[in-house]
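Each chain is listed here by its residues.
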Amino acid sequence: MAHRSLIVTAVAAEADSVSAGLGPHLGEPALLPLPGGLVLRRHTAGTDAGPVRVDVLVGGVGPASVAAATGTALTSAALTDPDAPYGLVVSAGIAGGFLPLAPLGSVVVSASVVAADLGARTPDAYLTVEELGFGRSVHPVPDALTGRISAALTAGGLPHAVAPVLTVSTVTGTAGRAAELAGRHPGAGAEAMEGFGVAEAAAAHGLPVVEIRAVSNAVGPRDRAAWRIGDALESLRHTFELLSSTVLVEPS
């Protein structure tokens, strides 16, 4: 059976970096249309472990858009190619990092994918959906999966941390908000806008999910002059070059 993974980014620049990393080991992608105007970039290669297929999808910004796009890709695959199911779903891109754990240019691999603002604010505290008595706000990632990814990045000399990655609908732009999130989620490594949406879609299909983020800026006061988007995109490319010869071609 083919080893098949789906990698979902928010925007094309992130997908470009992911595909550039995959290319040396898995070749240039073919473009396959999906319903709703979506397009898969499909990398395929034969390896000693068998055929490998890695699909890259630009899913849109925010948890709702990316959940819909990921669900479309997973459903389409289940209907059109049931003999080659996905074994892994990855949310990937750049993100804000919580200092000092995740400095600029480093990578954060999700120990869990957390919807950090899905809940209710009361006069006394913030309540998660679990505390309200419905829904979920956390998708844990298996230690075995994060361990394999971490080992590949370590072997490639890429600085990284394994830590919770927070999903928000409004990006943090103040020190107060950064402190609030860090207080509610001790040990958080990064903040982005899509991971929980990807995780919800993957869970609906019974698939494991992990979020991988390259850090372009610090979570806190908004300072565009200090952002290092180019460096983060290069770290993202390097990450998937390392994974394309290890985790993504190994049995799940």
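Our structure's up above, just so we're on the same page.
Treat the numbers as computed from the prediction; the structure is a model and nothing was measured.

Participant: So what exactly am I meant to see when it comes to the overall build of the protein here?
Facilitator: Of regular secondary structure, the protein possesses seven helices and 12 strands. Against the 2.2 N^0.38 benchmark of 18 Å for 252 residues, the protein shows a C-alpha radius of gyration of 17 Å, consistent with a compact globule. Over its C-alpha atoms, taken along the principal directions, the protein stretches across nearly 55 × 40 × 35 Å. Within the protein, the proportion of its 252 residues that are buried is 51%. Counted over contacts in the protein with a minimum sequence separation of 6, partners at least 24 positions apart contribute 75%. Split by element, the accessible area of the protein, about 10,500 Å² in all, is 60% carbon and sulfur. Between the mean site of the 14 positive side-chain charges and the mean site of the 22 negative ones, the protein shows a separation of 4 Å.

Participant: It is not clear to me how helix 7 (residues 229-243) should be interpreted in this structure. Could you clarify?
Facilitator: Since the α-helix advances by 3.6 residues per turn, residues separated by three or four positions end up pointing in the same direction. Look at helix 7: 21 Å from first C-alpha to last across 15 residues, which is about the 21 Å you get at 1.5 Å a residue. Of all the positions in helix 7, only Ala232, Leu233, Ser235, Leu236, Thr239, Phe240, Leu242 and Leu243 are classed as buried. Check the buried side of helix 7 and you find it contacts strand 1 (3-9), helix 1 (12-26), strand 5 (88-97), strand 6 (107-115), helix 4 (143-155) and strand 12 (209-218).

Participant: Whenever I open this one, the pattern of salt bridges confuses me. Can you help?
Facilitator: Opposite charge on two side chains permits them to pair, given that their charged atoms come into close proximity. Overall, the coordinates contain 13 salt bridges when judged by the stated rule. When the shortest N-O distance is used, the salt bridge between Asp55 and Arg42 registers 2.8 Å. One end of the pair, Asp55, is in strand 4 (residues 50-58); the other, Arg42, is in strand 3 (residues 39-47), and 13 residues separate them in sequence. Arg42 shares its class with Asp55; the two are buried. For the salt bridge of Arg184 with Glu180, the shortest nitrogen-to-oxygen distance reads 2.6 Å. Taken as a pair, Arg184 and Glu180 lie in helix 5 (residues 175-184) at a separation of four residues, close to a single helical turn. Accessibility expressed as a relative area gives 27% for Glu180, which makes it partly exposed. A single salt-bridge network, built from bridges that share partners, covers Arg4, Arg42, Arg53, Asp55 and Asp81.

Participant: What exactly am I supposed to notice about the packing of helix 4 against helix 7 here?
Facilitator: The geometry of helix 4 relative to helix 7 is characterised by a closest axis approach of 9 Å and an angle of 110° between their N-to-C directions. Of the possible angle classes, the one that applies to helix 4 and helix 7 is roughly perpendicular. Facing Ile149, Ala152 and Leu153 of helix 4, the residues of helix 7 in contact are Thr239, Leu242 and Leu243. Residues of the contact of helix 4 with helix 7, tallied by class, amount to five nonpolar, one polar and no charged.

Participant: What is the right way to look at the layout of surface pockets in this model?
Facilitator: Gaps left between atoms are located by rolling a probe of water-molecule size over the structure's atoms. Approximately 560 Å³ is the volume found for the largest pocket. In terms of lining residues, the largest pocket is bounded by 28 residues, among which Ala95, Gly96, Ser216, Asn217 and Trp227 are the most central. Contributions of two or more residues to the lining of the largest pocket are made by helix 1, strand 5, strand 11 (190-192), strand 12 and helix 7. When residues in the lining of the largest pocket are grouped by element, the largest group, four residues, is from strand 12. For the lining of the largest pocket, the residue count by class is 17 nonpolar, five polar and six charged.

Participant: Looking at this model, I keep getting lost on the packing of aromatic side chains. Mind explaining?
Facilitator: Aromatic ring pairs are described here by two measures, namely the spacing of the ring centres and the angle between the planes. The final tally for this structure, using the stated rule, is zero aromatic pairs. The residue whose ring lies beneath Arg4 is Tyr86, and the NZ or CZ to ring-centre distance is 4.3 Å. Its guanidinium or amino end placed over the ring of Tyr126, Arg184 lies 3.7 Å from that ring's centre, counting from NZ or CZ.

Scoring rules and cut-offs
Residues numbered from 1 in each chain as written. Predicted model: local features only at pLDDT ≥ 70, side-chain atom pairs only at ≥ 80, totals over all residues. Heavy atoms only, no water. Helix = DSSP H or I, 4+ residues; strand = E, 2+ residues; numbered from the N terminus. Rg over C-alpha atoms; globule rule 2.2 N^0.38 Å. Buried < 20%, exposed > 50% of the residue type's maximum accessible area, 1.4 Å probe, protein only. Contact = heavy atoms within 4.5 Å. Areas by Shrake-Rupley, 256 points an atom, 1.4 Å probe, with all protein chains shown as cover. Lys, Arg positive; Asp, Glu negative; His and termini not counted. Charge placed at Lys NZ, Arg CZ, Asp CG, Glu CD. Expected span 1.5 Å × (residues − 1). Salt bridge = Lys/Arg side-chain N within 4 Å of Asp/Glu carboxyl O. Axes fitted to C-alpha atoms, helices over the stretch in contact; angles between N-to-C directions. Parallel < 35°, antiparallel > 145°, perpendicular 65-115°, else oblique. Nonpolar A, V, L, I, M, F, W, Y, C, P; charged D, E, K, R; others polar. 1 Å grid on protein atoms, 1.4 Å probe; cavity = no way out; pocket = protein on both sides within 12 Å on 5 of 7 lines; lining within 4 Å. Points joined across faces, edges and corners; volume = space filled by probe spheres on them. Phe/Tyr/Trp six-rings, centres within 6.5 Å; stacked < 30°, edge-to-face > 60°. Lys NZ or Arg CZ within 6 Å of the ring centre and 35° of its normal.

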